[in-house]
Amino acid sequence: MKIGWPLLVIIFLASSDLIAQTSVGIRGGYTESSASYRVTLGSFPRSVTGLAAPTYSLVIEQFFEKNAGAQIEFQFLTTGYAATDTINTGNETQFDYIKIPILSNFYLGNSGRFHIKLGPHVGYLLDVRDVNRVVEGELVIPTYGQPADEPRKLMYGLTAGVGISKLFGKHTLQGEARYSYEFGRPESQERIFDINFTQLEFTISYLFRVLD
């Protein structure tokens, strides 16, 4: 994570082709995470209970010509799992990330618009904690909240969303549902073969146009 994020924002906004309409705002709502894992290569995937938690973002959106645009966000996201089946009863871990989606936007309509957003995201682990740590050993999903667990810090994946935007002069309200898939894995010690996280988000955004 040695990329200069302020520099990324400047590049995002400074290109002469991007000076159309720039809006800045906030996005907030809830995310529902889910997780599955495989203890060994070829083993059957096991699902565990995900986590519902609030999420919020700082949004910078650029609207271009021909109903297209782009945006970058700085999002606080909590994800995790609770292993509640008969083998793994009691293990629960939560992860706090700063997540940065960089999305292409496509709009249909005028003052009331349907939109589709998609693109990559990257993120960095801010904190991890074990809510419960009861069962340890083989065939059990690991926990990550202790120093010896050494979770990987980097997250990266793909995000896609659909929603509705309503324009009120320089103000915009957006309701949106998003789905994210993580390619990054927290496991760094090969205690299990694979672990997958997804997030489903339901949010509302308020944006104010600052540049025309």
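Residues numbered from 1 in each chain as written. Predicted model: local features only at pLDDT ≥ 70, side-chain atom pairs only at ≥ 80, totals over all residues. Heavy atoms only, no water.

A separate point is the overall build of the chain. Across its full length, the chain carries 1 helix and 9 strands. Within the chain, the proportion of its 212 residues that are buried is 45%. Summing over all exposed atoms, the chain offers an accessible surface of approximately 10,800 Å²; the carbon and sulfur share of this is 64%. (Helix = DSSP H or I, 4+ residues; strand = E, 2+ residues; numbered from the N terminus. Buried < 20%, exposed > 50% of the residue type's maximum accessible area, 1.4 Å probe, protein only. Areas by Shrake-Rupley, 256 points an atom, 1.4 Å probe, with all protein chains shown as cover.)

For the rest of this paragraph, the subject is the confidence of the model for the chain. Summarising the model, the chain shows a mean pLDDT of 85, and 85% of its residues fall at 70 or more. Overall, residues 9-19 carries pLDDT values under 50, and its contacts beyond four positions in sequence, including any with other chains, amount to 16 contacts. (pLDDT = per-residue confidence, 0-100. Contact = heavy atoms within 4.5 Å.)

Now for unusual backbone geometry. A positive phi angle, close to 45 degrees, is found at glutamate 150, a residue other than glycine. Tracing the sequence through the fold places glutamate 150 in the loop between β6 (112-132) and β7 (154-168). With phi around 60 degrees, glutamate 190 is a residue other than glycine that occupies positive phi space. Within the secondary structure layout, glutamate 190 lies in the loop between β8 (171-182) and β9 (194-211).

Moving on to the pairing of β6. Where a strand is regular, its side chains alternate between the two sheet faces. Of the strand pairs in this sheet, strand β5 (residues 91-109) and β6 are connected by 16 bridges, and their pairing is antiparallel. Note on β6: the bridge partner recorded for asparagine 105 is lysine 117. Between β5 and β6, which pair antiparallel and follow one another directly, the connecting turn spans 2 residues. Both β6 and β7 contribute to a ladder of 13 bridges, which runs antiparallel. Its bridge partner lying in β7, isoleucine 116 is registered against valine 162. (Pairing = 2+ DSSP bridges.)

This part takes up the pattern of salt bridges. Following the criterion strictly, the structure yields 13 salt bridges and no others. The salt bridge partner of lysine 117 is glutamate 176, with a shortest N-O separation of 3.4 Å. In this pair, lysine 117 sits in strand β6 while glutamate 176 sits in strand β8, placing the two residues 59 residues apart along the sequence. Comparing lysine 117 with glutamate 176 shows no difference in burial state: the two are buried. (Salt bridge = Lys/Arg side-chain N within 4 Å of Asp/Glu carboxyl O.)

Further remarks concern a nonpolar patch on the surface. A surface patch of nonpolar side chains, about 790 Å² in accessible area, is lined by Val24, Ile26, Leu58, Phe168, Leu173, Tyr206, Phe208, Val210 and Leu211. Within the residue set of the nonpolar patch, elements represented by two or more residues are β1 (21-38) and β9. The biggest single contributor to the nonpolar patch is β9, with 4 residues. Along the chain, the position of tyrosine 206 falls in strand β9. (Patch = residues over 30% accessible without salt bridge, like charges linked within 9 Å, V, L, I, M, F, W, Y side chains within 5 Å.)

The next thing to look at is the side chain of threonine 93. Inspection of the secondary structure puts threonine 93 in strand β5. Among the polar contacts made by the side chain of threonine 93, one reaches the side chain of aspartate 130 at a distance of 2.9 Å. The contacts of threonine 93, once residues within four sequence positions are left out, are Thr79, Gly80, Tyr81, Val128, Arg129, Asp130, Thr143, Tyr144 and Gly145. (Polar contact = N/O pair within 3.5 Å; in protein donor to acceptor, adjacent residues only side chain to side chain.)

Counted according to the given criterion, the structure contains 7 aromatic pairs. Plain terms: the ring middles of tyrosine 81 and phenylalanine 197 are 6.4 Å apart, the flat faces sit at 35 degrees to each other, and that makes the pair tilted. In this pair, tyrosine 81 is assigned in strand β4 (residues 68-83) and phenylalanine 197 in strand β9, connecting sequence segments 116 residues apart. There is no split in this pair, since tyrosine 81 and phenylalanine 197 are both buried. On the numbers, 5.7 Å between centres and 50 degrees between planes, the contact of phenylalanine 95 with tyrosine 144 is tilted. A residue pair is termed long-range when its members are at least 10 positions apart, and phenylalanine 95 in strand β5 and tyrosine 144 in the loop between β6 and β7 qualify at 49 residues. Take tyrosine 144: its relative accessible area is 0%, and that puts it in the buried class. Members of the aromatic cluster, joined through ring pairs, are Tyr81, Phe95, Tyr97, Tyr144 and Phe197. (Phe/Tyr/Trp six-rings, centres within 6.5 Å; stacked < 30°, edge-to-face > 60°.)

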